[in-house]
Amino acid sequence: MGSLNTRRRATAIALVCASALPAGPGAASAQRAYHWPLAPRPPVVRGFDPPAERWLAGHRGVDLGAPAESAVVAARAGTVTFAGPVAGRSTVTVLHPDGISTMYEPVVPRVRRGEHIRTGQLVGVLQTGHEGCSATACLHWGARRGSGRSVRYLNPLSLLGLSTVRLKPPR
């Protein structure tokens, strides 16, 4: 028999793994409330690489390759909380009922602040010129929960059930 700490660690690992699995047949599609913001399914050109501390440099989203002027759609229904320029890039932010906000840039907005939108509704048109993009154009798709000092950046691919869980040994 292993030590109490080893058993606790194994239980924690099992719970994390079980929570990542669908509950039963057909549950994966029923549970997935978020969808790709581009069609067809785009390649991930650059992955999520959050900073160690929220104020440090990092990549707080994923870059999805697509042709310029592609339609960018809402990954889930919600309310547009921002549509306009941020640091010289056109951005759209949507707050969803679960408290998660998704951000889309660089896009020419086709929605306005305060507008209620549905899943798959056009939010903007993809522009070229995303720095560091190796494709013709890239949509930077970000996700976060909270705001200000309590903001927590999320891997948007996890909203689709696609992120990889990596277990690290305790320090």
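Structural data are supplied above this passage.
Residues numbered from 1 in each chain as written. Predicted model: local features only at pLDDT ≥ 70, side-chain atom pairs only at ≥ 80, totals over all residues. Heavy atoms only, no water.

Draft legend 1. Fine view of the sheet that holds strand 9 (residues 122-126). With antiparallel pairing, 3 strands are arranged side by side in an open sheet as 3-9-7. Of all the strands in the sheet, the pair left with one neighbour each is strand 3 (71-73) and strand 7 (107-109). With strand direction ignored, the average angle separating the axes of adjacent strands in the sheet is 40 degrees. Relative to strand 9, strand 7 runs antiparallel, the two being bridged by 3 bridges. Along strand 9, the bridge assignment pairs Val108 with Val125. (Pairing = 2+ DSSP bridges. Helix = DSSP H or I, 4+ residues; strand = E, 2+ residues; numbered from the N terminus. Axes fitted to C-alpha atoms, helices over the stretch in contact; angles between N-to-C directions.)

Draft legend 2. A look at the pattern of salt bridges. According to the stated counting rule, one finds 2 salt bridges in the structure shown. Arg76 serves as the salt-bridge partner of Asp98, at 2.8 Å between the closest nitrogen and oxygen. Placement of Asp98 in the loop between strand 5 (89-95) and strand 6 (100-105) and of Arg76 in the loop between strand 3 and strand 4 (78-86) is noted, with a sequence separation of 22 residues between them. Arg89 is paired through a salt bridge with Glu105; the nearest N and O atoms lie 2.8 Å apart. Residue Arg89 is found in strand 5, and its partner Glu105 is found in strand 6; the two are separated by 16 residues along the sequence. (Salt bridge = Lys/Arg side-chain N within 4 Å of Asp/Glu carboxyl O.)

Draft legend 3. Looking closely at the environment of Leu139. Locating Leu139 in the fold gives a position in strand 10 (residues 137-145). According to the relative accessible area criterion, Leu139 is buried, its value standing at 0%. Separated by 32 residues in the primary sequence, Leu139 and Val107 have C-alpha atoms spaced 7.8 Å apart. Beyond its immediate stretch of four places on either side in the chain, Leu139 contacts Pro37, Leu38, Val62, Asp63, Leu64, Val72, Tyr104, Glu105, Val107 and Leu126. (Buried < 20%, exposed > 50% of the residue type's maximum accessible area, 1.4 Å probe, protein only. Contact = heavy atoms within 4.5 Å.)

Draft legend 4. Main features of the environment of Pro67. Structurally, Pro67 is set in the loop between strand 2 (61-66) and strand 3. Judged by its relative accessible area of 55%, Pro67 is exposed. A sequence separation of 60 residues divides Pro67 from Gln127, and the C-alpha atoms of the two residues are 8.9 Å apart. With residues up to four places along the chain from it excluded, the contact list for Pro67 reads Leu126 and Ala137.

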